[in-house]
Amino acid sequence: MNLYHCAIDLKHEAKALAFAAALDHWMQYLKARGVVRDWRLLRRKLNLAADSCRDFLLEIEFDDMSQLDRAFRVLGEHDEEVERLYGAVTALIARSDFGLYRPFPDPERAERMALL
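Just so we're clear, the structure is a prediction, and the values are computed from it rather than from any experiment.

**Student:** Teacher, can you tell me more about the pattern of salt bridges here?
**Tutor:** Once their charged atoms are close, side chains differing in charge can pair, the charge on each being opposite to the other. Following the criterion strictly, the structure yields 13 salt bridges and no others. Residue Asp-55 pairs with Arg-44 through a salt bridge whose shortest N-O separation is 3.9 Å. Note that Asp-55 is positioned in the loop between β2 (38–43) and β3 (56–62) and Arg-44 in the loop between β2 and β3, a separation of eleven residues in sequence. In this structure, a network of salt bridges that share partners links the residues Arg-37, Arg-40, Glu-59, Glu-61 and Asp-63.

This is the structure we're talking about:
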């Protein structure tokens, strides 16, 4: 499994619940297409975070790198529904940072280490 983390701040005028609804529609679409395993949206609580932390954290799960690649290919499609759903989310975002993570130690690495 791979986790794509998105740390997100919304535009000043954006409503958090509108963002959550738009994101839900987009992620459910991707999940129905089989290019996302699962996802969750988290929001900073009680403003308890360092200044470098964004307000929202989106975690998107992928089975493997080929599924992630297929998700990016969906994004590149010239399809009205994709553009509408994706645009509804990105129109509300002011800033975002991304990172791709994996469980560690991963099974492949553990096997190699066990063979040493």
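Right, picking up where we left off after that structure.
**Student:** Help me understand the layout of surface pockets in this model?
**Tutor:** Gaps left between atoms are located by rolling a probe of water-molecule size over the structure's atoms. Empty space within the largest pocket amounts to approximately 410 Å³. Lining the largest pocket are 22 residues, with Tyr-4, Trp-26, Ile-60, Tyr-86 and Phe-98 positioned closest to its centre. Elements supplying a minimum of two residues to the lining of the largest pocket: β1 (2–10), α1 (16–32), β3, α2 (65–76), α3 (80–90) and β4 (93–101). Here the lining of the largest pocket gets five residues from one element, more than from any other, and that element is α1. In terms of residue class, the lining of the largest pocket is built from 20 nonpolar, two polar and no charged.

**Student:** Would you mind going over the sheet that holds β3 with me for this structure?
**Tutor:** In a beta sheet, neighbouring strands pair by backbone hydrogen bonds and run either parallel or antiparallel. If you trace the four strands from one edge of the open sheet to the other, you get β2-β3-β1-β4, paired in antiparallel fashion. The open sheet has two edge strands with one neighbour each: β2 and β4. Pairwise comparison of adjacent strand axes, ignoring direction, gives a mean angle of 15 degrees for this sheet. Relative to β3, β1 is paired through seven bridges, and the arrangement is antiparallel. Bridged to Tyr-4 within β3 is Ile-60. α1 rests against β1, β2, β3 and β4 of the sheet, and its axis sits at about 170 degrees to β2.

**Student:** Got a minute to help me understand α2 in this structure?
**Tutor:** Side chains that are three or four residues apart share a direction in an α-helix, a result of its 3.6 residues per turn. Taking 1.5 Å as the rise per residue, α2 with twelve residues should run 16 Å; its terminal C-alpha atoms sit 17 Å apart, in good agreement. Of the residues making up α2, those classed as buried are Gln-67, Leu-68, Ala-71 and Val-74. Around the axis of α2, the buried residues are gathered within 110 degrees of arc, so they sit on the same side. As for α2, its buried residues are in contact with α1, β3, α3 and β4.

Definitions and cut-offs
Residues numbered from 1 in each chain as written. Predicted model: local features only at pLDDT ≥ 70, side-chain atom pairs only at ≥ 80, totals over all residues. Heavy atoms only, no water. Salt bridge = Lys/Arg side-chain N within 4 Å of Asp/Glu carboxyl O. Helix = DSSP H or I, 4+ residues; strand = E, 2+ residues; numbered from the N terminus. 1 Å grid on protein atoms, 1.4 Å probe; cavity = no way out; pocket = protein on both sides within 12 Å on 5 of 7 lines; lining within 4 Å. Points joined across faces, edges and corners; volume = space filled by probe spheres on them. Nonpolar A, V, L, I, M, F, W, Y, C, P; charged D, E, K, R; others polar. Pairing = 2+ DSSP bridges. Axes fitted to C-alpha atoms, helices over the stretch in contact; angles between N-to-C directions. Contact = heavy atoms within 4.5 Å. Expected span 1.5 Å × (residues − 1). Buried < 20%, exposed > 50% of the residue type's maximum accessible area, 1.4 Å probe, protein only. Arc of directions from axis to C-beta.

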